[in-house]
Amino acid sequence: MKYSYNLLIMMLVWQACDLDKIDGPPPGGNDLPEFQAEFLLESNKTVNVEAVVEAIDSGYVVSGYATSTNFSSNNLFVVKTSKSGAVEKKATNFGVNGDLTGGKLIKVSDGYVLAGTKDGESVFVCKIKPDLTVSWNKTISKAGHKHTGRAIAATSSGDIIVAGTNGIDSGADDPFFAKLSASNGMLVDSQTINITNSGRFFPESICRNGNAFGVLGYNFGLSIPATFFMKIDENLNALIQFVNQPSFGNGSGAIVQGNGEGYMIIDGLSAQLSRQAYVSAIDGNGQNASTFDQFIELPESGFRGGGRTADGKTIAVGWGAQELGVDLFGIAALIDVGLNTIGTYTYAPNSIMAELTAAAPASDDGFLLAGRSKDNTQIVLIKLNEMFKIN
(Lines give C-alpha, C1' and ligand atoms only; values in the text may rest on other atoms or scores of the structure.)
Protein backbone atom coordinates (compact mmCIF):
# COMPACT_ATOMS: atom_id res chain seq x y z
CA MET A 1 0.00 0.00 0.00
CA LYS A 2 1.26 3.47 -0.82
CA TYR A 3 1.07 6.09 1.92
CA SER A 4 1.44 9.83 1.43
CA TYR A 5 2.17 12.60 3.90
CA ASN A 6 1.23 16.23 3.77
CA LEU A 7 3.75 18.93 3.03
CA LEU A 8 5.49 19.88 6.26
CA ILE A 9 6.80 23.17 7.51
CA MET A 10 9.88 21.61 9.07
CA MET A 11 12.10 19.31 7.08
CA LEU A 12 11.93 15.70 8.28
CA VAL A 13 12.35 17.23 11.74
CA TRP A 14 16.15 17.04 11.57
CA GLN A 15 18.55 16.01 14.27
CA ALA A 16 21.94 17.47 13.38
CA CYS A 17 25.40 16.48 14.50
CA ASP A 18 27.84 19.07 15.86
CA LEU A 19 30.63 19.76 13.36
CA ASP A 20 31.48 23.25 14.54
CA LYS A 21 35.18 22.41 14.58
CA ILE A 22 35.30 22.62 10.80
CA ASP A 23 36.08 26.32 10.59
CA GLY A 24 38.67 26.48 7.81
CA PRO A 25 41.15 24.47 5.76
CA PRO A 26 44.51 23.93 7.48
CA PRO A 27 47.24 23.43 4.85
CA GLY A 28 47.17 19.82 3.69
CA GLY A 29 44.32 18.86 5.98
CA ASN A 30 44.36 17.97 9.65
CA ASP A 31 45.30 14.32 9.27
CA LEU A 32 48.07 12.85 7.13
CA PRO A 33 46.60 10.58 4.44
CA GLU A 34 48.15 7.28 3.42
CA PHE A 35 48.15 8.75 -0.06
CA GLN A 36 46.60 11.65 -1.96
CA ALA A 37 46.47 11.23 -5.73
CA GLU A 38 45.37 13.71 -8.38
CA PHE A 39 45.15 12.66 -12.01
CA LEU A 40 43.79 13.91 -15.30
CA LEU A 41 41.11 11.82 -17.00
CA GLU A 42 41.33 13.42 -20.44
CA SER A 43 42.58 16.77 -21.70
CA ASN A 44 39.93 19.45 -22.32
CA LYS A 45 37.48 17.73 -19.95
CA THR A 46 36.04 18.64 -16.56
CA VAL A 47 35.07 15.81 -14.23
CA ASN A 48 32.22 15.01 -11.85
CA VAL A 49 33.10 12.22 -9.42
CA GLU A 50 30.11 10.17 -8.25
CA ALA A 51 31.44 7.01 -6.54
CA VAL A 52 34.49 5.34 -5.05
CA VAL A 53 34.83 1.69 -3.96
CA GLU A 54 37.53 -0.84 -3.20
CA ALA A 55 38.41 -2.83 -6.29
CA ILE A 56 37.42 -6.48 -6.68
CA ASP A 57 41.06 -7.57 -6.99
CA SER A 58 43.30 -4.89 -5.45
CA GLY A 59 43.28 -1.12 -5.34
CA TYR A 60 40.39 1.28 -5.81
CA VAL A 61 37.78 2.28 -8.41
CA VAL A 62 36.44 5.80 -9.03
CA SER A 63 33.53 6.62 -11.35
CA GLY A 64 31.57 9.58 -12.65
CA TYR A 65 31.21 11.55 -15.85
CA ALA A 66 33.31 14.04 -17.80
CA THR A 67 32.21 17.08 -19.79
CA SER A 68 34.09 18.68 -22.65
CA THR A 69 35.27 22.18 -21.85
CA ASN A 70 33.01 23.62 -24.58
CA PHE A 71 30.06 21.66 -23.08
CA SER A 72 29.44 19.85 -26.37
CA SER A 73 29.60 16.29 -25.02
CA ASN A 74 29.57 14.11 -21.88
CA ASN A 75 30.85 10.62 -21.23
CA LEU A 76 30.94 8.23 -18.29
CA PHE A 77 34.26 7.09 -16.85
CA VAL A 78 35.61 4.42 -14.51
CA VAL A 79 39.21 4.58 -13.27
CA LYS A 80 41.08 1.73 -11.55
CA THR A 81 44.06 2.58 -9.34
CA SER A 82 46.60 0.60 -7.35
CA LYS A 83 46.53 0.54 -3.56
CA SER A 84 48.95 3.47 -3.64
CA GLY A 85 46.68 5.54 -5.89
CA ALA A 86 48.56 5.09 -9.17
CA VAL A 87 46.27 4.88 -12.21
CA GLU A 88 46.24 1.40 -13.71
CA LYS A 89 43.36 1.62 -16.19
CA LYS A 90 40.73 4.05 -17.45
CA ALA A 91 37.47 3.15 -19.18
CA THR A 92 35.33 5.66 -21.09
CA ASN A 93 33.76 3.41 -23.75
CA PHE A 94 30.85 1.30 -22.52
CA GLY A 95 29.55 -0.13 -25.78
CA VAL A 96 27.07 2.57 -26.84
CA ASN A 97 27.23 5.83 -28.74
CA GLY A 98 25.67 8.94 -27.30
CA ASP A 99 25.89 11.52 -24.56
CA LEU A 100 26.26 9.79 -21.16
CA THR A 101 25.98 11.48 -17.76
CA GLY A 102 25.65 10.18 -14.18
CA GLY A 103 28.17 7.57 -13.15
CA LYS A 104 26.97 6.19 -9.80
CA LEU A 105 28.57 2.77 -9.34
CA ILE A 106 28.25 -0.21 -6.99
CA LYS A 107 30.44 -3.26 -6.53
CA VAL A 108 28.91 -6.71 -7.01
CA SER A 109 30.42 -10.16 -6.57
CA ASP A 110 31.96 -10.37 -10.05
CA GLY A 111 32.48 -6.76 -11.04
CA TYR A 112 30.75 -3.38 -10.95
CA VAL A 113 27.46 -1.93 -12.16
CA LEU A 114 27.34 1.63 -13.48
CA ALA A 115 24.20 3.77 -13.91
CA GLY A 116 23.59 6.93 -15.89
CA THR A 117 21.52 8.75 -18.47
CA LYS A 118 21.89 8.46 -22.23
CA ASP A 119 21.14 11.47 -24.42
CA GLY A 120 19.10 13.04 -21.62
CA GLU A 121 16.15 10.70 -22.16
CA SER A 122 17.09 7.05 -21.44
CA VAL A 123 18.31 5.10 -18.42
CA PHE A 124 21.72 3.53 -19.10
CA VAL A 125 23.03 0.61 -17.01
CA CYS A 126 26.30 -1.23 -17.61
CA LYS A 127 27.88 -4.28 -15.93
CA ILE A 128 31.67 -4.04 -15.91
CA LYS A 129 34.17 -6.83 -15.31
CA PRO A 130 37.06 -6.37 -12.84
CA ASP A 131 39.33 -5.43 -15.78
CA LEU A 132 36.82 -2.65 -16.68
CA THR A 133 35.65 -4.32 -19.90
CA VAL A 134 31.90 -4.45 -20.55
CA SER A 135 29.95 -7.53 -19.52
CA TRP A 136 26.55 -6.15 -20.64
CA ASN A 137 24.76 -2.85 -21.06
CA LYS A 138 21.10 -1.93 -21.07
CA THR A 139 19.20 1.16 -22.25
CA ILE A 140 15.69 1.72 -20.88
CA SER A 141 13.46 4.16 -22.72
CA LYS A 142 9.87 4.79 -23.79
CA ALA A 143 8.58 6.91 -26.65
CA GLY A 144 7.27 10.26 -25.47
CA HIS A 145 9.02 9.99 -22.09
CA LYS A 146 12.36 11.18 -20.77
CA HIS A 147 13.96 8.74 -18.35
CA THR A 148 17.10 9.33 -16.31
CA GLY A 149 19.29 7.02 -14.24
CA ARG A 150 20.56 8.87 -11.16
CA ALA A 151 21.27 6.31 -8.39
CA ILE A 152 21.86 2.59 -8.00
CA ALA A 153 21.65 -0.17 -5.35
CA ALA A 154 21.45 -3.97 -5.13
CA THR A 155 18.62 -6.07 -3.69
CA SER A 156 19.13 -8.79 -1.08
CA SER A 157 19.03 -11.38 -3.91
CA GLY A 158 21.60 -9.54 -6.04
CA ASP A 159 19.32 -7.84 -8.58
CA ILE A 160 20.06 -4.21 -9.50
CA ILE A 161 17.72 -1.29 -8.80
CA VAL A 162 18.25 2.00 -10.60
CA ALA A 163 16.47 5.13 -9.38
CA GLY A 164 15.79 8.05 -11.69
CA THR A 165 13.02 10.09 -13.24
CA ASN A 166 10.23 9.66 -15.77
CA GLY A 167 9.41 12.97 -17.40
CA ILE A 168 6.45 13.32 -19.74
CA ASP A 169 7.04 17.01 -20.40
CA SER A 170 9.20 19.81 -19.06
CA GLY A 171 6.89 20.42 -16.13
CA ALA A 172 6.36 16.87 -14.81
CA ASP A 173 8.99 14.49 -13.49
CA ASP A 174 8.15 11.57 -11.19
CA PRO A 175 10.48 9.05 -9.55
CA PHE A 176 11.20 6.06 -11.78
CA PHE A 177 12.64 2.72 -10.66
CA ALA A 178 13.91 -0.18 -12.74
CA LYS A 179 14.98 -3.62 -11.51
CA LEU A 180 17.42 -5.62 -13.61
CA SER A 181 19.11 -9.00 -13.40
CA ALA A 182 22.75 -8.55 -12.46
CA SER A 183 23.75 -11.62 -14.47
CA ASN A 184 22.52 -10.47 -17.89
CA GLY A 185 20.87 -7.05 -17.57
CA MET A 186 17.37 -8.32 -18.32
CA LEU A 187 14.70 -5.86 -17.20
CA VAL A 188 12.75 -7.57 -14.40
CA ASP A 189 10.34 -4.75 -13.58
CA SER A 190 9.94 -0.97 -13.75
CA GLN A 191 7.70 1.47 -11.95
CA THR A 192 6.88 5.17 -12.11
CA ILE A 193 5.57 6.46 -8.78
CA ASN A 194 3.30 9.47 -8.88
CA ILE A 195 4.10 11.80 -5.98
CA THR A 196 0.95 13.18 -4.34
CA ASN A 197 2.47 16.68 -4.03
CA SER A 198 3.05 18.86 -7.08
CA GLY A 199 6.53 19.42 -8.46
CA ARG A 200 9.38 17.82 -10.37
CA PHE A 201 11.03 15.03 -8.37
CA PHE A 202 14.62 13.91 -8.90
CA PRO A 203 15.99 10.99 -6.85
CA GLU A 204 19.70 11.47 -6.10
CA SER A 205 20.60 8.56 -3.82
CA ILE A 206 19.20 5.15 -2.88
CA CYS A 207 20.21 2.86 -0.02
CA ARG A 208 19.08 -0.64 0.97
CA ASN A 209 18.24 -1.34 4.59
CA GLY A 210 16.97 -4.89 5.03
CA ASN A 211 14.38 -5.55 2.34
CA ALA A 212 13.48 -1.90 1.82
CA PHE A 213 15.19 1.05 0.14
CA GLY A 214 15.40 4.63 1.30
CA VAL A 215 15.48 7.22 -1.50
CA LEU A 216 16.69 10.82 -1.14
CA GLY A 217 16.03 13.46 -3.77
CA TYR A 218 14.80 16.95 -4.44
CA ASN A 219 11.66 18.63 -5.71
CA PHE A 220 12.66 21.13 -8.36
CA GLY A 221 9.12 22.32 -8.94
CA LEU A 222 9.34 24.98 -6.23
CA SER A 223 11.22 28.28 -6.25
CA ILE A 224 13.88 26.72 -3.97
CA PRO A 225 14.65 22.99 -4.28
CA ALA A 226 13.09 20.96 -1.46
CA THR A 227 14.08 17.56 -0.13
CA PHE A 228 11.90 14.49 -0.52
CA PHE A 229 12.30 11.06 1.07
CA MET A 230 10.75 7.85 -0.23
CA LYS A 231 10.81 4.26 0.86
CA ILE A 232 10.17 1.39 -1.56
CA ASP A 233 10.27 -2.38 -1.27
CA GLU A 234 12.23 -4.81 -3.45
CA ASN A 235 9.23 -5.12 -5.80
CA LEU A 236 9.35 -1.34 -6.42
CA ASN A 237 6.19 -0.64 -4.46
CA ALA A 238 6.07 2.72 -2.67
CA LEU A 239 5.81 2.39 1.11
CA ILE A 240 6.30 6.04 2.06
CA GLN A 241 6.26 9.41 0.33
CA PHE A 242 7.52 12.29 2.42
CA VAL A 243 7.88 15.70 0.78
CA ASN A 244 9.25 18.75 2.55
CA GLN A 245 9.19 22.52 2.42
CA PRO A 246 12.16 24.28 0.77
CA SER A 247 13.12 26.07 4.00
CA PHE A 248 16.01 23.71 4.64
CA GLY A 249 17.83 20.94 2.70
CA ASN A 250 18.06 20.63 -1.05
CA GLY A 251 18.09 16.83 -1.36
CA SER A 252 21.22 16.67 -3.52
CA GLY A 253 23.33 14.67 -1.05
CA ALA A 254 23.30 11.00 -0.08
CA ILE A 255 21.34 8.54 2.04
CA VAL A 256 23.01 5.68 3.93
CA GLN A 257 21.84 3.01 6.34
CA GLY A 258 21.15 4.20 9.87
CA ASN A 259 20.08 2.63 13.16
CA GLY A 260 17.59 -0.23 12.92
CA GLU A 261 15.26 0.46 10.01
CA GLY A 262 16.35 4.10 9.84
CA TYR A 263 18.60 6.13 7.57
CA MET A 264 21.23 8.86 7.76
CA ILE A 265 20.74 11.89 5.53
CA ILE A 266 23.93 13.58 4.28
CA ASP A 267 23.03 16.86 2.62
CA GLY A 268 23.36 20.62 2.29
CA LEU A 269 21.16 23.30 3.80
CA SER A 270 19.68 25.88 1.44
CA ALA A 271 19.42 29.38 2.82
CA GLN A 272 18.81 32.86 1.42
CA LEU A 273 22.46 33.89 1.28
CA SER A 274 24.45 30.74 2.06
CA ARG A 275 24.40 26.96 2.25
CA GLN A 276 25.39 24.73 5.14
CA ALA A 277 26.33 21.06 5.39
CA TYR A 278 24.50 18.78 7.78
CA VAL A 279 23.95 15.15 8.70
CA SER A 280 20.72 13.97 10.29
CA ALA A 281 19.02 10.76 11.36
CA ILE A 282 15.51 9.64 10.45
CA ASP A 283 13.64 6.53 11.49
CA GLY A 284 12.17 3.94 9.16
CA ASN A 285 9.09 6.12 8.64
CA GLY A 286 11.11 9.14 7.56
CA GLN A 287 10.64 10.99 10.84
CA ASN A 288 12.22 11.66 14.23
CA ALA A 289 11.49 13.89 17.20
CA SER A 290 14.36 16.39 17.15
CA THR A 291 14.77 19.84 15.61
CA PHE A 292 17.27 21.14 13.09
CA ASP A 293 20.43 22.88 14.32
CA GLN A 294 23.03 24.69 12.20
CA PHE A 295 26.55 23.64 13.07
CA ILE A 296 29.40 24.44 10.66
CA GLU A 297 31.28 27.69 11.23
CA LEU A 298 31.84 28.49 7.54
CA PRO A 299 30.15 31.05 5.30
CA GLU A 300 29.26 28.23 2.90
CA SER A 301 29.46 24.44 3.00
CA GLY A 302 27.60 21.41 1.78
CA PHE A 303 27.81 17.64 1.97
CA ARG A 304 27.55 15.81 -1.36
CA GLY A 305 28.20 12.14 -0.61
CA GLY A 306 29.09 9.58 2.00
CA GLY A 307 29.12 6.01 3.19
CA ARG A 308 28.68 3.73 6.17
CA THR A 309 31.35 1.73 7.97
CA ALA A 310 30.89 -1.86 9.11
CA ASP A 311 30.45 -0.70 12.72
CA GLY A 312 27.71 1.80 11.83
CA LYS A 313 29.60 5.06 11.55
CA THR A 314 28.77 7.57 8.81
CA ILE A 315 31.33 9.18 6.51
CA ALA A 316 30.20 12.51 5.05
CA VAL A 317 32.11 14.48 2.39
CA GLY A 318 31.53 17.77 0.63
CA TRP A 319 32.93 21.27 0.28
CA GLY A 320 33.46 24.43 2.27
CA ALA A 321 34.40 28.04 1.57
CA GLN A 322 35.82 30.87 3.65
CA GLU A 323 33.91 33.36 1.47
CA LEU A 324 30.65 32.90 -0.37
CA GLY A 325 31.40 30.94 -3.56
CA VAL A 326 35.16 31.60 -3.38
CA ASP A 327 38.10 29.18 -3.01
CA LEU A 328 36.26 25.96 -2.28
CA PHE A 329 38.02 23.17 -0.37
CA GLY A 330 37.02 19.62 0.47
CA ILE A 331 35.61 18.66 3.87
CA ALA A 332 34.93 15.29 5.47
CA ALA A 333 33.57 14.11 8.81
CA LEU A 334 33.20 10.81 10.62
CA ILE A 335 30.04 10.57 12.75
CA ASP A 336 28.90 7.87 15.16
CA VAL A 337 25.39 6.43 15.51
CA GLY A 338 24.55 9.01 18.18
CA LEU A 339 25.38 11.87 15.78
CA ASN A 340 28.58 12.74 17.60
CA THR A 341 31.58 13.90 15.57
CA ILE A 342 34.52 11.52 15.88
CA GLY A 343 36.76 13.62 13.67
CA THR A 344 37.10 15.77 10.59
CA TYR A 345 39.39 16.19 7.58
CA THR A 346 39.94 19.03 5.13
CA TYR A 347 41.42 18.83 1.64
CA ALA A 348 42.83 22.19 0.56
CA PRO A 349 44.93 21.98 -2.62
CA ASN A 350 46.43 24.94 -4.46
CA SER A 351 43.30 25.30 -6.55
CA ILE A 352 40.44 27.75 -6.87
CA MET A 353 37.92 24.91 -6.89
CA ALA A 354 37.97 21.63 -4.99
CA GLU A 355 35.34 19.37 -3.47
CA LEU A 356 34.94 15.87 -2.15
CA THR A 357 31.85 14.13 -3.52
CA ALA A 358 32.17 10.40 -2.75
CA ALA A 359 33.34 8.27 0.18
CA ALA A 360 33.51 4.64 1.25
CA PRO A 361 35.05 2.57 4.03
CA ALA A 362 38.17 0.54 3.28
CA SER A 363 38.56 -3.06 4.43
CA ASP A 364 41.57 -2.14 6.63
CA ASP A 365 39.37 0.23 8.70
CA GLY A 366 40.54 3.21 6.68
CA PHE A 367 38.50 5.59 4.54
CA LEU A 368 38.36 6.40 0.83
CA LEU A 369 37.53 9.97 -0.23
CA ALA A 370 37.14 11.07 -3.84
CA GLY A 371 36.30 14.29 -5.65
CA ARG A 372 37.79 16.83 -8.00
CA SER A 373 40.28 19.67 -7.93
CA LYS A 374 42.42 21.81 -10.22
CA ASP A 375 39.61 23.83 -11.75
CA ASN A 376 37.45 20.69 -11.97
CA THR A 377 39.80 19.00 -14.45
CA GLN A 378 41.48 16.46 -12.15
CA ILE A 379 40.15 13.51 -10.19
CA VAL A 380 41.33 13.35 -6.60
CA LEU A 381 41.54 10.15 -4.55
CA ILE A 382 42.53 10.17 -0.87
CA LYS A 383 43.11 7.20 1.45
CA LEU A 384 42.97 7.96 5.17
CA ASN A 385 44.24 5.47 7.71
CA GLU A 386 41.98 4.12 10.42
CA MET A 387 40.33 7.06 12.13
CA PHE A 388 39.87 10.73 11.33
CA LYS A 389 41.91 12.86 13.67
CA ILE A 390 39.83 14.73 16.29
CA ASN A 391 40.38 18.49 16.18
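Please refer to the structure placed before this passage.
Described below are features of the structure shown in this document. (Residues numbered from 1 in each chain as written. Predicted model: local features only at pLDDT ≥ 70, side-chain atom pairs only at ≥ 80, totals over all residues. Heavy atoms only, no water.)

Further remarks concern the pattern of salt bridges. Following the criterion strictly, the structure yields 12 salt bridges and no others. A salt bridge links Lys118 to Asp119; the nearest nitrogen and oxygen atoms lie 2.9 Å apart. Judged by relative accessible area, Asp119 falls into the partly exposed class, the value being 39%. The residue Lys383 makes a salt bridge to Asp364 at a minimum N-O spacing of 2.8 Å. On the criterion of sequence distance, the pair formed by Lys383 in strand β27 (residues 378–384) and Asp364 in the loop between β25 (355–361) and β26 (367–373) is long-range, its members being 19 residues apart. The exposure class of Lys383 is buried, given its relative accessible area of 1%. Overlapping salt bridges bring together Glu34, Asp364 and Lys383 as one network. (Salt bridge = Lys/Arg side-chain N within 4 Å of Asp/Glu carboxyl O. Buried < 20%, exposed > 50% of the residue type's maximum accessible area, 1.4 Å probe, protein only. Helix = DSSP H or I, 4+ residues; strand = E, 2+ residues; numbered from the N terminus.)

Considering all chains together, one arrives at 4 aromatic pairs under this definition. With a centroid separation of 5.4 Å and 85° between ring planes, the pair formed by Phe201 and Phe228 is classed as edge-to-face. Taken as a pair, Phe201 in strand β14 (residues 201–209) and Phe228 in strand β16 (residues 226–233) lie far apart in primary sequence, 27 residues in all. Summarising the burial analysis for this pair, Phe201 and Phe228 share the class buried. Ring geometry for Phe229 against Tyr263: centres 5.8 Å apart, planes inclined by 55°, an arrangement best described as tilted. One end of the pair, Phe229, is in strand β16; the other, Tyr263, is in strand β19 (residues 263–270), with 34 residues separating them in the sequence. The exposure class of Tyr263 is buried, given its relative accessible area of 1%. (Phe/Tyr/Trp six-rings, centres within 6.5 Å; stacked < 30°, edge-to-face > 60°.)

Moving on to the nonpolar core. Among the nonpolar cores identified, the biggest contains 19 residues, and Val52, Phe77, Ile379 and Leu381 are the most heavily contacted of them. Of all the secondary structure elements, the ones that give two or more residues to this core are β1 (35–40), β2 (45–54), β3 (60–68), β4 (74–81), β25, β26 and β27. One finds Val61, Tyr112, Leu114 and Phe124 within the second-largest nonpolar core, a separate group that totals 17 residues. (Core = buried A, V, L, I, M, F, W, Y, C linked by side-chain atoms within 4.5 Å.)

With that out of the way, let us pick up the sheet that holds β25. Read across the open sheet, the 4 strands follow the order β1-β27-β26-β25; overall the sheet is antiparallel. Edge positions in the open sheet fall to β1 and β25, since each of these has one partner strand only. Each neighbouring strand pair of the sheet contributes to a mean axis angle of 20°, computed without reference to strand direction. Two strands pair when backbone bridges link them, and β26 and β27 are joined in this way by 7 bridges, in the antiparallel orientation. For Leu368, the partnering residue across the bridge sits in β27 and is Lys383. (Pairing = 2+ DSSP bridges. Axes fitted to C-alpha atoms, helices over the stretch in contact; angles between N-to-C directions.)

So, on to the environment of Gly120. In this fold, Gly120 is placed in the loop between β7 (111–118) and β8 (122–128). For Gly120, a relative accessible area of 42% puts it in the partly exposed group. Between the alpha carbons of Gly120 and Asp99 there is a distance of 7.6 Å; along the sequence they are 21 residues apart. Apart from residues lying up to four places away in sequence, Gly120 is in contact with Lys146 and His147. (Contact = heavy atoms within 4.5 Å.)

The next thing to look at is the environment of Val215. Within the element layout of this structure, Val215 appears in strand β15 (residues 212–219). Relative accessible area serves as the criterion here: at 0%, Val215 is assigned to the buried category. Spatially, the C-alpha atom of Val215 lies 9.9 Å from that of Ile265, the residues being 50 residues apart in sequence. For Val215, the contacting residues outside a window of four places in its chain are Phe177, Pro203, Ser205, Ile206, Phe228, Phe229, Met230 and Ile255.

Phi is positive for Leu132, which is not a glycine, with a value near 75°. Here Leu132 is to be found in the loop between β8 and β9 (134–140). The residue Asp365 is not glycine, and still its phi comes out positive at about 75°. Positionally, Asp365 belongs in the loop between β25 and β26. Overall, Asp365 belongs to the exposed group, its relative accessible area being 58%.

Backbone hydrogen bonds hold the strands of a sheet together, and the pairing may be parallel or antiparallel. Taken together, the 4 strands give an open sheet; going across it, the order is β6-β7-β8-β9, and neighbouring strands pair in antiparallel fashion. Every other strand in the sheet has two partners, leaving β6 (100–108) and β9 as the edge strands with one partner each. The average undirected angle you get between the axes of adjacent strands in this sheet is 15°. When β6 meets β7, the two strands line up antiparallel, connected through 8 bridges. From the neighbouring strand, Leu100 faces β7, where its bridge partner is Lys118.

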